[in-house]
Amino acid sequence: MQFGIFSVSDVTTDPTTGHTPDDTERVRNMLTIARHADEAGLDVYATGEHHNPPFVASSPTTMLGYLAGVTKNITLSTATTLITTNDPVRLAEEYAMLQVISDGRMDLMMGRGNTGPVYPWFGQDIRQGIPLAVENYALLRRLWTEDVVDWEGKFRTPLQGFTSTPRPLDGVPPFVWHGSIRSPEIAEQAAFYGDGFLHNNIFWPMHHTRQMVRFYRQRFEHYGHGRADQAIVGLGGQVFMRKRSQDAWNEFRPYFDEAPVYGHGPSMEDFTRETPLTVGSPQQVIDRYASFVDEVGYYQRQLFLVDHAGLPLKTVLEQIDLLGEEVVPELRKIAEAKRPAEDVPLNPPTHAERVAAARAAGEAGATHVGDTADPYTGTVAEGTQPAGARTTGTTQQEARA
């Protein structure tokens, strides 16, 4: 299982000091946090995408492109790429460029975002959120898997003889997650394409998360990508740790109470009981998150939110150290022991594994006719299986062979 951190990039006043970072300080702190996560041995750094204050992550590919040059091992990802309000042509080109720059050390997560006004800012209608997500992603896949695209849809101007550049690295597109906390249509879309599904359940009780993940797994198997337990699943989470549990509670409470995202609402006691937020010692975090495999089945990626609510940079770096030194090594061992079978993927597929699988299927670098299926009826014309989709039952070990 992979473990990493994600950022929503909020600019929030520290309630204990009154300091509010400006946008420049916040962006530079995010870069420092990502580099520190790489040095601490975490697997993933993911940034959100927002286009309004108090958030600063408006250009994920710029940030991740820079990080590709200054990190060594960590997978660079997005916690949200707005598939609804971004032009699929720009997404195809920007993320293929990032894939090339990072030598495949990246993936991305499609989402609709949680800021309603962003739709009219980019010329779209929020009431069309689901249809936008479906149509835009279908076009994005064609742009990555076909050398020349002729296309006409509802939400953008037609394309005639269009080729996006650069082409995906080694002819294989990046691995894609679909993120949703409440929309089964998005879980359905992820399952239809054989992509990953991440339920960022930071505000939701586990019974809701369990239902969403179960639905995605069932539909993944229905579409013939493998067994339900072979589907690629990720979860979100929030933690704040100190060596002594009471120290963690005392230190984090003012940040929780004043945080824009959950301050002035349920108490911290209620929130930690009903959601994945865990405040306490490293062992308490280990015990809590080790139980999630029992709830949703073995899953491949766990992301933690640690740099929000005005927490100072020094504190965030200390949280990363505790994750890297005490929490993640234990969670990795526990999760591996709970993996139900060798052919259940240990991690999300790497670029090298996807290339090997595509070449074995005769797909890498080829031109494809694209996807002509309705993702909600499952009607797929012969020969139109999405390029780069995971082959049924392919394990990481088999892909390397």
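Read on for a plain summary of the structure. (Residues numbered from 1 in each chain as written. Predicted model: local features only at pLDDT ≥ 70, side-chain atom pairs only at ≥ 80, totals over all residues. Heavy atoms only, no water.)

Some details on the overall build of the chain
Of the regular secondary structure elements, the chain holds 14 helices and 13 strands. Among the 401 residues that make up the chain, the fraction classed as buried is 58%. The contacts of the chain with a sequence gap of at least 6 include a subset with a gap of at least 24, amounting to 73%. A total accessible area of about 16200 Å² is found for the chain, and carbon and sulfur atoms account for 51% of it. (Helix = DSSP H or I, 4+ residues; strand = E, 2+ residues; numbered from the N terminus. Buried < 20%, exposed > 50% of the residue type's maximum accessible area, 1.4 Å probe, protein only. Contact = heavy atoms within 4.5 Å. Areas by Shrake-Rupley, 256 points an atom, 1.4 Å probe, with all protein chains shown as cover.)

Some points on unusual backbone geometry
When glycine is set aside, most residues are seen to have a negative phi, and most peptide bonds are trans. In this structure, the amide linkage connecting Pro53 to the following residue, Pro54, adopts the cis form with an omega of 10°. As for its position among the elements, Pro54 is in the loop between β2 (44–47) and α2 (60–70). Here the amide bond leading from Thr165 into Pro166 is cis, since omega sits at -5°, within 30 degrees of zero. By secondary structure assignment, the location of Pro166 is in the loop between β7 (159–162) and β8 (176–179). Not every positive phi belongs to a glycine, and Ser9 is a case in point at roughly 65°. By the secondary structure assignment, Ser9 is in the loop between β1 (2–7) and α1 (23–39). By relative accessible area, which is 0% here, Ser9 ends up buried.

Brief notes about the sheet that holds strand β4 (residues 81–82)
Strand order in the open sheet made by the nine strands is β3-β2-β1-β13-β10-β9-β8-β5-β4, with parallel pairing throughout. The sheet is open, and its two borders are formed by β3 (75–78) and β4, each paired with just one other strand. Lying on the sheet, helix α7 (residues 206–222) is in contact with β9 (196–199) and β10 (233–235); it crosses β9 at an angle near 170°. (Pairing = 2+ DSSP bridges. Axes fitted to C-alpha atoms, helices over the stretch in contact; angles between N-to-C directions.)

Digging into the side chain of Arg142
Relative to the helices and strands, Arg142 is located in helix α5 (residues 129–145). Among the polar contacts listed, one links the side chain of Arg142 to the side chain of Glu146, at a separation of 2.7 Å. (Polar contact = N/O pair within 3.5 Å; in protein donor to acceptor, adjacent residues only side chain to side chain.)

A few points about the pairing of β1
Within β1, six of the six residues are buried, leaving the element largely enclosed by the surrounding structure. Alternating positions in β1 separate into two faces, Gln2, Gly4 and Phe6 on one and Phe3, Ile5 and Ser7 on the other, with burial throughout. Pairing of β1 with β2, which is carried by four bridges, proceeds in the parallel orientation. Residue pairing across strands places Ile5 opposite Tyr45, the latter belonging to β2. In the classification by handedness, the crossover that spans β1, the intervening α1 and the parallel β2 is right-handed. (Right-handed = clockwise from strand over helix to strand, strands pointing away.)

Section: the packing of α1 against helix α12 (residues 313–338)
Their axes nearest at 10 Å, the elements α1 and α12 cross at an angle of 20°. Considering their axes alone, α1 and α12 lie roughly parallel with respect to each other. Crossing hand, α1 versus α12: right-handed. Here Asn29, Thr32, Ile33, His36 and Ala37 of α1 come into contact with α12, specifically with Leu313, Val316, Leu317, Ile320 and Asp321. (Parallel < 35°, antiparallel > 145°, perpendicular 65-115°, else oblique. Left-handed = near helix turned anticlockwise from the far one by under 90°.)

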